[in-house]
Amino acid sequence: MTEPLVAAHALTKTFGDFVAVDAVDFEVRPGEVFGFLGPNGAGKSSTMKMIGAVSPLSGGTLRVLGLDPGTDGPEIRSRLGVVPQEDNLDHELTVYENLLIYGRYFGLPRKVIDERVTELLEFAQLQDRRQSTVEPLSGGMKRRLTIARGLINQPELLLLDEPTTGLDPQARHLLWDRLYRLKQEGVTQIITTHYMDEAEQLCDRLVIMDGGKIVAEGSPASLIAQYSTREVLELRFPVGTEDRGVGRIGDLAARVEELPDRVLLYTDDADAAAESVAARGIVPESTVTRRSTLEDVFLRLTGRRLVD
Amino acid sequence: MALTSLRVVEYGARVYRRTWRGSVISTFLNPVLFLLAMGVGLGTLVDEGSGGATIDLPYLTFLAPGLLAATAMQTAAGDSSYPVMAGIKWRKTYEAALATPIGVGDLVLGHLGWVGIRLVFVTGVYAVIMTLFGATTLWQGLLSIPPAVLTGLAFAAPVTAYTARLKQETGLSNMFRFGIVPLFLFSGTFFPVEQLPDAIEPLAYATPLWHGVSLCRGLALGLDFTVHPLLSAAYLAAWMVAGGLLAHRFMRRRLVV
Ligand SMILES: Nc1ncnc2c1ncn2[C@@H]1O[C@H](COP(=O)(O)OP(=O)(O)OP(=O)(O)O)[C@@H](O)[C@H]1O
Ligand SMILES: [Mg+2]
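Remember, it's a predicted structure, so these values are computed and weren't measured experimentally.

Calculation notes
Residues numbered from 1 in each chain as written. Chains lettered and ligands numbered in written order. Predicted model: local features only at pLDDT ≥ 70, side-chain atom pairs only at ≥ 80, totals over all residues. Heavy atoms only, no water. Helix = DSSP H or I, 4+ residues; strand = E, 2+ residues; numbered from the N terminus. Rg over C-alpha atoms; globule rule 2.2 N^0.38 Å. Buried < 20%, exposed > 50% of the residue type's maximum accessible area, 1.4 Å probe, protein only. Contact = heavy atoms within 4.5 Å. Areas by Shrake-Rupley, 256 points an atom, 1.4 Å probe, with all protein chains shown as cover. Lys, Arg positive; Asp, Glu negative; His and termini not counted. Charge placed at Lys NZ, Arg CZ, Asp CG, Glu CD. Near = heavy atom within 4 Å. Polar contact = N/O pair within 3.5 Å; in protein donor to acceptor, adjacent residues only side chain to side chain. Nonpolar A, V, L, I, M, F, W, Y, C, P; charged D, E, K, R; others polar. Donors = N, O, S within 2.8 Å, 3.2 Å for Na, K, Ca; no water. 1 Å grid on protein atoms, 1.4 Å probe; cavity = no way out; pocket = protein on both sides within 12 Å on 5 of 7 lines; lining within 4 Å. Points joined across faces, edges and corners; volume = space filled by probe spheres on them. Buried area = accessible area lost by both parts, 1.4 Å probe. Salt bridge = Lys/Arg side-chain N within 4 Å of Asp/Glu carboxyl O. Pairing = 2+ DSSP bridges. Core = buried A, V, L, I, M, F, W, Y, C linked by side-chain atoms within 4.5 Å. Patch = residues over 30% accessible without salt bridge, like charges linked within 9 Å, V, L, I, M, F, W, Y side chains within 5 Å. Expected span 1.5 Å × (residues − 1). Axes fitted to C-alpha atoms, helices over the stretch in contact; angles between N-to-C directions.

Q: Could you give me a rundown of the overall build of chain B, with the residues and numbers involved?
A: Secondary structure assignment for chain B yields twelve helices and zero strands. Traced from its N-terminal end to its C-terminal end, chain B shows the element sequence α-α-α-α-α-α-α-α-α-α-α-α. A compact globule built from 257 residues should have a C-alpha radius of gyration of about 18 Å, and chain B, at 19 Å, falls within 12% of that. Along the longest, intermediate and shortest principal axes, the C-alpha atoms of chain B span 60 × 40 × 35 Å. When each of the 257 residues of chain B is scored for burial, the buried share is 54%. Sequence-distant contacts, at least 24 apart, represent 78% of the contacts inside chain B between residues at least 6 apart. A total accessible area of about 11400 Å² is found for chain B, and carbon and sulfur atoms account for 69% of it. The centroid of the 17 positive side-chain charges in chain B is displaced by 22 Å from the centroid of its 12 negative side-chain charges.

Rendered as structure tokens:
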């Protein structure tokens, strides 16, 4: 087996007494797209910053590209591309200058940078914005520029912290397409996201974090197989309906979940379950049958609560 | 580290290429206005009154080199306060740099390096204008540029350190209000510190600006020094180095978490 690009064992990050990342273990293999999912405050960004060799570990061990971030920080960072959660472009400079400066930080000659900038602007669909300052760009354009900036050094490993948060669907799909192209080119990627469809689309493997711990790990399909059923039957009721018949349908599903406006039945055959529900005289306002998604897994594992 | 720091200097230059319009006017205009108003205008009164006897020089001549040092201080403090705060907190451009092979040491050195270059430009312009006013000869005016730049760096470094610790920007306006402006007024720029009440006079000698003024005035006018010039230079260098080390420490504490 090839050596993992990133290997973390009991990796821990504390801020004072607060434990943000609590002894997590994971490995990222060359060429794969690896995801971190988790609610707000789960410790995703903290983990990414340690991998990016910008935030010192509080405990455990971490190897990135076979090196130790504690001692080989500059060497590691020279081979990484980083797209931070919060935009930190230089708003006073132009699109081109942002890329140029970043390239210079990596010690690239001007000529090489200029060649790459042309490709990257095309990649990010910002060709006609080359000389525009960053300030007036839309959120999606800034995001694309940040990603282009992270690619200026042709990184072996790309760290993307919520790359598509705040983007409209078109921009998201464009980005997914771009990230897929990078994967084809062999760039290993680590992505954090709140979007389950994004994780399902992009990630070969992912971990779900909650409260600083990893609570599940696997491919999207295997996580669904392990933590959910093949299908879900949703029974919708007007809020406040007294009797939703929950007591009479427990045997129809592997698991039943009650929400204010819905009852969810996790089952391998949602249509069959729907017929049985009807046969028992339960009449919801509407029914939806659908496949299980990563979102079901996520909500089951991290609970339907609002952290933060 | 030194080589990678140059990349940060280059960054400073690039930002300046975008923003120079905001400061270049004052670079040229301030010395002219100050030398006109204080040097020529006020100077006429001073020279005709008892002041002439005390300083034993035309007031314009006395004032100009002192203002050169004070201008270096103000430029350095300005460049090391709000822009540094922006890099740390408002725009997070330092965070962006730290995701590359650039380290905290490079940020600090590169920043001070760029401020140094700016100071050469600003004090150079000043020295030429000072010469045009007839306050000194061109040669002596140019000779006073190095000590002026050193004076600036003796402020740039500690101000960077101070800014790196600040959570709120009000600390910056307070620094100018209670630090830079009083220094500007009372460090021998406008009048000899011997004129200060005896109780505060020694304080003035402890300020780096007084040593900067002393060096610039001595070199620009070919006067005798009250304190040996090498001692003054060493004192300024000590502020620069100590400030730089502190800036490095505070910046690391702030940015590497
Ligand atoms: N510099 C810091 N100082 C103190 N606490 C911090 C710091 N950075 C992060 N934390 C805390 O660590 C926890 C994890 O934060 P982190 O940013 O890693 O979460 P996240 O999973 O990325 O969340 P989100 O989805 O909201 O981005 C949070 O409770 C956060 O408040
Ligand atoms: Mg985050």
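Q: I'd like to hear about the site of ligand 1, residue by residue, with values.
A: Taken together, 15 residues lie around ligand 1, and Gly41(A), Lys44(A), Ser45(A), Ser46(A) and Gln85(A) are the ones closest in. At the site occupied by ligand 1, the surrounding residues belong to chains A and B. For ligand 1, an oxygen atom lies 2.8 Å from a polar atom in the backbone of Gly41(A). Taking Ala42(A), its main chain carries an N or O atom lying 3.1 Å from an oxygen atom of ligand 1. For ligand 1, the protein covers 65% of the area, taking 630 Å² as the surface of the free molecule. Among the elements of the structure, β2 (18-28) and α1 (44-51) of chain A are those that each provide at least two residues to the shell around ligand 1. Of the residues forming the shell around ligand 1, the biggest block, three residues, is contributed by α1(A). Grouping the constituent residues of the shell around ligand 1 by class yields six nonpolar, seven polar and two charged.

Q: Tell me about the coordination of the magnesium ion (ligand 2), and please be specific about residues and values.
A: Put simply, a metal with four donors set out as a tetrahedron has ideal angles of 109.5 degrees, and one with six donors set out as an octahedron has ideal angles of 90 or 180 degrees. Note on the magnesium ion (ligand 2): its protein donors are Ser45(A) (OG) and Gln85(A) (OE1). The metal-donor distances range over 1.9 to 2.1 Å. Residue Ser45(A) is found in helix α1, and its partner Gln85(A) is found in the loop between β5 (80-83) and α3 (95-105); the two are separated by 40 residues along the sequence.

Q: Give me the layout of surface pockets: which residues, what numbers.
A: Taken as a whole, the largest pocket holds about 940 Å³ of empty space. Lining the largest pocket are 36 residues, and of these Tyr16(B), Gly78(B), Asp79(B), Pro83(B) and Arg118(B) lie nearest its centre. The residue inventory of the lining of the largest pocket, partitioned by class, reads 16 nonpolar, 15 polar and five charged. Quantified by volume, the second largest pocket comes out at close to 790 Å³. Along the walls of the second largest pocket sit 29 residues, with Lys49(A), Val54(A), Glu95(B), Leu255(B) and Val257(B) positioned nearest its centre. Within the residue set of the lining of the second largest pocket, elements represented by two or more residues are α1, β5 and β6 (157-161) of chain A together with α4 (82-90), α5 (93-98) and α12 (229-255) of chain B. Per-element tally for the lining of the second largest pocket: the top contributor is α1(A), with four residues.

Q: Any details on the interface of chain A and chain B? Residues and values, ideally.
A: Contact with chain A, which involves 28 residues of that partner, is made by 22 residues of chain B. Taken together, the two surfaces of chain A and chain B that pack against each other cover about 2400 Å², and 56% of this comes from carbon and sulfur. Area buried by chain A at its contact with chain B is led by Asn88(A), Glu92(A) and Tyr105(A), which between them contribute 28% of it. Linking chain A with chain B are two salt bridges, by the criterion used here.

Q: Can you tell me about the pairing of strand β9 (residues 213-218) of chain A, naming the residues and giving the values?
A: All names here are of chain A. Bridging between strand β8 (residues 205-210) and β9 involves five bridges; their strand directions are antiparallel. Paired with Ile208 across the strands is Ala216, a residue of β9. Hairpin connection between β8 and β9: a loop of two residues separates the two successive antiparallel strands, and Gly211 in this loop has a positive phi of roughly 55°.

Q: Could you give me a rundown of the pattern of salt bridges, with the residues and numbers involved?
A: In total, this model carries 23 salt bridges over all chains according to the counting rule given. Its salt-bridge partner being Glu97(A), residue Arg18(B) comes within 2.9 Å of it at the nearest N-O pair. Residue Arg18(B) is located in helix α1 (residues 2-48), and its partner Glu97(A) is located in helix α3; the two belong to separate chains. Arg18(B) sits in the partly exposed class, given a relative accessible area of 35%. Assessed through its relative accessible area of 4%, Glu97(A) is described here as buried.

Q: Which residues make up the nonpolar core, and what are the values?
A: Residue and element names in this part refer to chain A. In this structure, Val6, Phe26 and Ile190 are the most contacted members of the largest nonpolar core, which totals 142 residues. Those residues within four positions of Ile190 in sequence are excluded, and the remaining contacts are Val6, Val28, Phe34, Phe36, Met48, Ile51, Leu157, Leu158, Leu159 and Leu160. Listed in part, the twelve residues of the second largest apolar core include Leu233, Leu235, Ile249 and Leu252.

Q: Can you explain a negative patch on the surface? Please cite residues and give values.
A: On the surface, a cluster of negative charge is made up of Asp268(A), Asp269(A), Asp271(A) and Glu275(A). Note that Asp271(A) resides in helix α9 (residues 270-279).

Q: Explain unusual backbone geometry to me, and be specific about the residues and the numbers.
A: All names here are of chain A. Residues other than glycine seldom take positive phi values, yet Ala23 does so here, at roughly 50°. The class of Ala23 is partly exposed, set by a relative accessible area of 39%. In this structure, Gln154 is a non-glycine residue whose phi angle is positive, near 45°.

Q: Before we move on, could you go through helix α6 (residues 104-132) of chain B and cite the residues and values that matter?
A: Residue and element names in this part refer to chain B. The first and last C-alpha atoms of α6 sit 42 Å apart over 29 residues, in line with the 42 Å expected at 1.5 Å per residue. In terms of burial, α6 is largely enclosed, as 22 of its 29 residues are buried. Where α6 ends, the next residue or the one after it, Gly134, has phi of about 80°, a positive value.

Q: Describe the sheet that holds strand β7 (residues 188-193) of chain A, with residues and values.
A: Residues and elements named next belong to chain A. Ordered in space as β5-β6-β7-β3-β8-β9, the six strands form an open sheet in which the pairing is mixed. Every interior strand has two partners, whereas the edge strands, β5 and β9, have only one. With strand direction ignored, the average angle separating the axes of adjacent strands in the sheet is 15°. Here β5 runs beside β6; their pairing, made up of four bridges, is parallel. Each bridged residue has a counterpart across the sheet, and for Val82 the counterpart in β6 is Leu159. Running over the sheet, helix α5 (residues 139-150) touches β5 and β6 and is turned about 165° from β5.

Q: Describe the sheet that holds strand β10 (residues 231-236) of chain A, and please don't skip the residues or the numbers.
A: Hydrogen bonds between backbone atoms are what pair the strands of a sheet, whose relative direction is either parallel or antiparallel. Residues and elements named next belong to chain A. With antiparallel pairing, the four strands of this open sheet are ordered in space as β11-β12-β10-β13. Across the chains shown, the open sheet's two edge strands, defined by having one partner strand only, are β11 (255-258) and β13 (286-291). Averaged over all pairs of adjacent strands, the angle between their axes in this sheet comes to 15°, without regard to strand direction. Relative to strand β12 (residues 262-267), β10 runs antiparallel, the two sharing six bridges. Across the sheet, residue Arg236 finds its bridge partner in β12, namely Arg262. Each of β10, β12 and β13 touches α9; the most contacted strand, β10, lies at about 35° to it.

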